[in-house]
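Coordinates in review
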Amino acid sequence: MSRRVVLLVAASVSCTRPNPLFALSEGDPSAPAEDDDDAPASDSADETASTGVPTSGGVVSTQGSASTGSVDPTEGPADPTEGLPDPGSTSSTTAALTDGNDTCTSDCPDVDDECLGGLECSGKLEWLRRSGDAAIQQATDVAVLSDGSVVVVGNFTGELGTAPDVITATADPLEGDAFILRLDASGEQVWIRQLSGVGLQALNAVVALTDDRIAVAGHFGGQLLFDPHQADGLGKHPGFVAVLDPDGASSILHVFGGDDVAALDLAVTPGDDLVVVGGYAGELVLGADHSISFARDLFAVGLDPVAGPAWSWLPHSAADQTAHAVAVAPTGDVFVGGELESGLQIADINLLGQGLDGFIAGLDLEGVPQWGTQLGGPGDDRVRALAAAPDGSFVVAGVHGGGLDFGEGSLPAPGQGELGGYVAAFDGKGGLRWARSGFNLGAEPPGVAVDGTGRVVAYLPLGDEPIDLGGGPLGDAPGALLVKLTSAGNFVWGRHLVGQVATAGPGLGVGPAGEIAIAGAFDPELAHDPVQLVSAGQLDIYAGRFLP
């Protein structure tokens, strides 16, 4: 039996400017630097915006300043061409807002200072790994623990891991097993766990609780073997959530019974409970509670990691609806995002779909709907990722098919076979703060996260066209683009991973110290100068970590 060893490339710990290929933003290095990297991108920042929550159609913009805490002395750009707003940019469909937390003061380093607070320059790659054999392995999500270690989840056939701790898929090669892989802060494998059984086992999401317990969510095809647990006889395709200790040795399993149930995303509440969202067709069994869908319906469930379901939101509609993403604010407010087809009732608001439309719902900490808003146009639109900010606002990443309006006119339809993309921020009641759009994605879905200072990290699959989020066109070849924005939506830095990435994932996570973890799948190559990974056959997983 072969053994495939994961590759590691570690970055230098010296304080040097990144390789020019790391910093892809354009600009004149001799141009004077602005003092405020959150200066509005256009004059419209001072315009009066309407207030309220839309009941259908587009988004109503409500603007206000975002407060995220004290000034961070590392907020200055790492390079004269990075982190400077582009006054002439047309990529932002709503004006970015001035945020005092991101305003550079006398504490900020000069733009020609290669070091930020004694650390390496922002966005520097620390390490990048691959794992897999000639079969198919895909990573779907990633989380960062308090010590900076990284937990990757996904699905695989063949073999996965580093000898002597290697797991082998036991199911039919067309089905596959699921895995949970923990890497330490330097990228070395700590442990790997396997979820197997008859049929398919799939993991879609992972989060870290404050005590470093690890929660994962997914679904399986009839049987789940996750030592010491065995689950079967609970429907043809149930969903599940498992909670593991940091060492991966012990776990608790919660199964959502049914014939077509998928748990798609997870979030952690301030009290270390969980919220899980997804979709189901037919029956959904939550402990003693049962629900029958009208078509394909969404679910949001509050989950005690030990005791199980505490509340549920189970709206019905005549056509399909799915919840793809969830985030929880520091106040405990819950934000749910996804797609609807014909309509969705949220509190006293009736959202009416135009084909497939994206939606966001705001729930209180008991799971009671409070408000809803719709992101849609004539084309197909979906909310695919959500992240909560420290000030109670949240950020959304999604796809659109044209006609979506963030307040400055309808977005044009992407070309044939292409996906329009966007990143947008909202206040805690669904009012639009800012949006970055007008670009196309190479695949679905995009990912988004927010760090402890309120800065936004987006992970965007690239196609044949570069993406401009205010710092100039980034990514002149297919792959994935990792971008950091200020809390007001202005560009800070961008990093390009060049290669063919899979549509599964991408996984994106931010740690307590702001470290950024990514994960996904690629074939045949993935490169971020000077690192180049080569797959062992078909799709291999990749995982990496970047400095803030």
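Being a predicted model, the structure only gives us computed values, none of them experimental.

A word on the pairing of strand 7 (residues 177-183)
- Burial analysis of strand 7 places seven of its seven residues in the buried class, the great majority of the element.
- Side chains Asp177, Phe179, Leu181 and Leu183 of strand 7 all project onto a buried face; the interleaved residues Ala178, Ile180 and Arg182 project onto the opposite face, where all are buried too.
- Pairing analysis gives seven bridges linking strand 4 (residues 150-156) to strand 7, with the strands arranged antiparallel. Paired with Gly154 across the bridge in strand 7 is Phe179.
- In this sheet, strand 8 (residues 189-195) lies alongside strand 7 in antiparallel orientation, the contact comprising six bridges. The partner of Leu181 across the bridge, within strand 8, is Ile192.
- Between strand 7 and strand 8, which pair antiparallel in sequence order, lie five residues; one of them, Gly187, sits at a positive phi of approximately 95°.

A look at the nonpolar core
- Leu460 and Ile467 are the most contacted members of the largest nonpolar core, which has 24 residues in total.
- Counting only elements with at least two residues in this core, the list comes to strand 25 (382-388), strand 26 (394-400), strand 27 (419-426), strand 28 (432-441), strand 29 (447-450), strand 30 (456-462) and strand 31 (479-485).
- Not counting residues up to four positions away in its chain, the partners in contact with Leu460 are Val423, Phe439, Leu441, Pro446, Ile467, Leu469, Gly479, Ala480 and Leu481.

A look at the pattern of salt bridges
- Applying the stated criterion to the full structure yields 11 salt bridges.
- Residues Glu444 and Arg382 are paired through a salt bridge, measuring 2.7 Å at the closest nitrogen-oxygen approach. One end of the pair, Glu444, is in the loop between strand 28 and strand 29; the other, Arg382, is in strand 25, and 62 residues separate them in sequence.
- Among the residues examined, Glu444 registers a relative accessible area of 17% and is labelled buried.
- Note that Asp451 is salt-bridged to Lys484, the shortest N-O span being 3.3 Å. Here Asp451, found in the loop between strand 29 and strand 30, pairs with Lys484, found in strand 31; they are 33 residues apart in sequence, far enough to count as distant. Take Asp451 and Lys484: they sit in the same class, and that class is buried.
- Each of Glu339, Arg382, Arg384 and Glu444 takes part in one network of salt bridges that share partners.

Conventions and cut-offs
Residues numbered from 1 in each chain as written. Predicted model: local features only at pLDDT ≥ 70, side-chain atom pairs only at ≥ 80, totals over all residues. Heavy atoms only, no water. Buried < 20%, exposed > 50% of the residue type's maximum accessible area, 1.4 Å probe, protein only. Helix = DSSP H or I, 4+ residues; strand = E, 2+ residues; numbered from the N terminus. Pairing = 2+ DSSP bridges. Core = buried A, V, L, I, M, F, W, Y, C linked by side-chain atoms within 4.5 Å. Contact = heavy atoms within 4.5 Å. Salt bridge = Lys/Arg side-chain N within 4 Å of Asp/Glu carboxyl O.

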